[in-house]
Amino acid sequence: MATTNRTGQAIILGGSIGGLLAARVLSESYAKVTVFDRDELPAEAVDRKGVPQSGHSHGLLARGRQILEEFFPGLTADLTSQGAVAIDVQRDCLWINDGHRIPRVASGLEVLCVSRRVLEAYVRDRVRALPNVEIRDRCEALGLLADGGAVVGARVLPRGGREERHDADLVVDATGRGNRGPTWLAELGYQPPVEDRVDPRTVYVSRDYRRTPGEADFAAFVSSPSPAAPRGGVAIAAEGDRWMVTLLGVGPDQAPPTDPEGYLAFTARLPAPELHALLSRAEPLGPPKRMRLPTSVRRRYEHLARLPEGFIAVADAICSFNPAYGQGMTVAAAEAVVLRDCLRQGRKELPRRFFASAAKVVDVPWDMAVGADLRYPTVVGPRSRRTRFLNGYVTRLHAAAARHPVVGRRFLSVANLMTPPPGLFAPGIVARVLWSGRRTMPHPVHVEPAARVKELAGR
């Protein structure tokens, strides 16, 4: 980590994963970095009110693990010593997409099975140990301070105290899904960003179970829902010798039951029997917990004609994804890399440069998640020709992946944000997809010309 030429002060509003990663990056460029969070931040790894999804299944995608290992050397070894499980995402995970199994072979894609509370506590401790970073909890963000065309600080309210005003050269909105960044900008006379919204109409129900060595030949299980069978299930080995299990249903009548008997019965309706068999003999560690997934929101800061200097937003404050795809923490990590790279080019017009570059990071997972959500007729949103084409192609790709491990690896590499989506349209992948499609489709299939395929995929 660079330790020279650090000048000025930065404030981060929000101390979750996105805010902590921003603090890690800003500690290289600013002499003083202060993180404010409205929760009472626990000293130990426990769930907290400000992270309602914390009790549900989590994992760190390959790209996210790679970035966090760079920011915090030794992270993987430290967390596995605490019981987290590092796995090869194809060899050690049982994947079922649209009823098709991905062959289990080594992929070289390493992901980390770890609970949100343990990962956040570890990252918070590493950030808190930085000499120029201070983390203050029980402080609610109230708004921004401005001078002319620049944000120059923030207003915060300590619990039980009086409003405080803190000067800063940069203020980072990391307040999550419920953030007030657009409102704060409007109070300063700026147009708030346009928002794209898609309601996934999905309900989670999660439950932890005791994990016994040798009871399963996989470290993770993922059975994705599909329009034909809008039910899914996930089981992830985690610290504490636990299985983190999450069942999900898409649509108004597909929510998993919250009673123990109904919860187990729901797993019998999945296209693969392994999860039902596992839960039939595993010991529950608590009651099922229900969560109705919120609307996915993307705020288009990159499209604003006017932006104040000294203000950016990160993580869920820019884009909050459907968490069913496990992308949120990895995208926050990728945005932190963007912020670091922008700062290395200087601070002039930092917000405009950052939002433009962060939008390119968000484009891929947003298109993947929203496109997959729009496969369901109950999900409301615009369905372009490109969306319909990509969804049709991915449906056939899942069938091809069951026959060709290389197709499964490419899909998982894209899903883990290690390979750009055009990798799904490499000649060798397309050939296998089309060949498998001819062998499995009961009716003739229209095949777009190769040039048209590239055009639709790359838009």
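No experiment lies behind these values; they were computed from the predicted model shown.

Draft legend 1. Main features of the packing of aromatic side chains. Under the criterion given, the structure shown has ten aromatic pairs. With a centroid separation of 4.4 Å and an interplanar angle of 25°, the aromatic rings of Y393 and F425 are classed as stacked. With Y393 in helix 10 (residues 385–403) and F425 in the loop between helix 11 (405–415) and helix 12 (427–440), this pair connects stretches of sequence that are 32 residues apart. As far as the burial class goes, Y393 and F425 line up, both buried. Ring pairs connect the aromatic residues Y301, F311, F354 and F355, which therefore count as one cluster. Here the basic side chain of R347 rests over the ring of Y30, its NZ or CZ set 3.9 Å away from the ring centre.

Draft legend 2. Representation of the sheet that holds strand 14 (residues 220–223). With mixed pairing, the seven strands of this open sheet are ordered in space as 5-4-14-15-16-13-17. Looking at the sheet topology across the chains shown, the edges are occupied by strand 5 (100–101) and strand 17 (289–292). The sheet contact formed by strand 4 (residues 93–97) and strand 14 spans four bridges and is parallel. Bridging across to strand 14, W95 finds its partner in V222.

Draft legend 3. Focus on the packing of helix 1 (residues 17–26) against helix 8 (residues 328–344). Two numbers describe how helix 1 lies on helix 8: the axes approach to 9 Å, and their chain directions differ by 25°. Classified by the angle between their axes, helix 1 and helix 8 sit roughly parallel to one another. Seen along the crossing, helix 1 lies across helix 8 with a hand that is right-handed. Here I17, G18, L21, A22, V25 and L26 of helix 1 lie close against helix 8, whose contacting residues are M329, A332, A333, A336, L339, R340 and L343. Within the contact of helix 1 with helix 8, the residues separate by chemical class into eleven nonpolar, one polar and one charged.

Conventions used here
- Residues numbered from 1 in each chain as written.
- Predicted model: local features only at pLDDT ≥ 70, side-chain atom pairs only at ≥ 80, totals over all residues.
- Heavy atoms only, no water.
- Phe/Tyr/Trp six-rings, centres within 6.5 Å; stacked < 30°, edge-to-face > 60°.
- Helix = DSSP H or I, 4+ residues; strand = E, 2+ residues; numbered from the N terminus.
- Buried < 20%, exposed > 50% of the residue type's maximum accessible area, 1.4 Å probe, protein only.
- Lys NZ or Arg CZ within 6 Å of the ring centre and 35° of its normal.
- Pairing = 2+ DSSP bridges.
- Axes fitted to C-alpha atoms, helices over the stretch in contact; angles between N-to-C directions.
- Parallel < 35°, antiparallel > 145°, perpendicular 65-115°, else oblique.
- Left-handed = near helix turned anticlockwise from the far one by under 90°.
- Contact = heavy atoms within 4.5 Å.
- Nonpolar A, V, L, I, M, F, W, Y, C, P; charged D, E, K, R; others polar.

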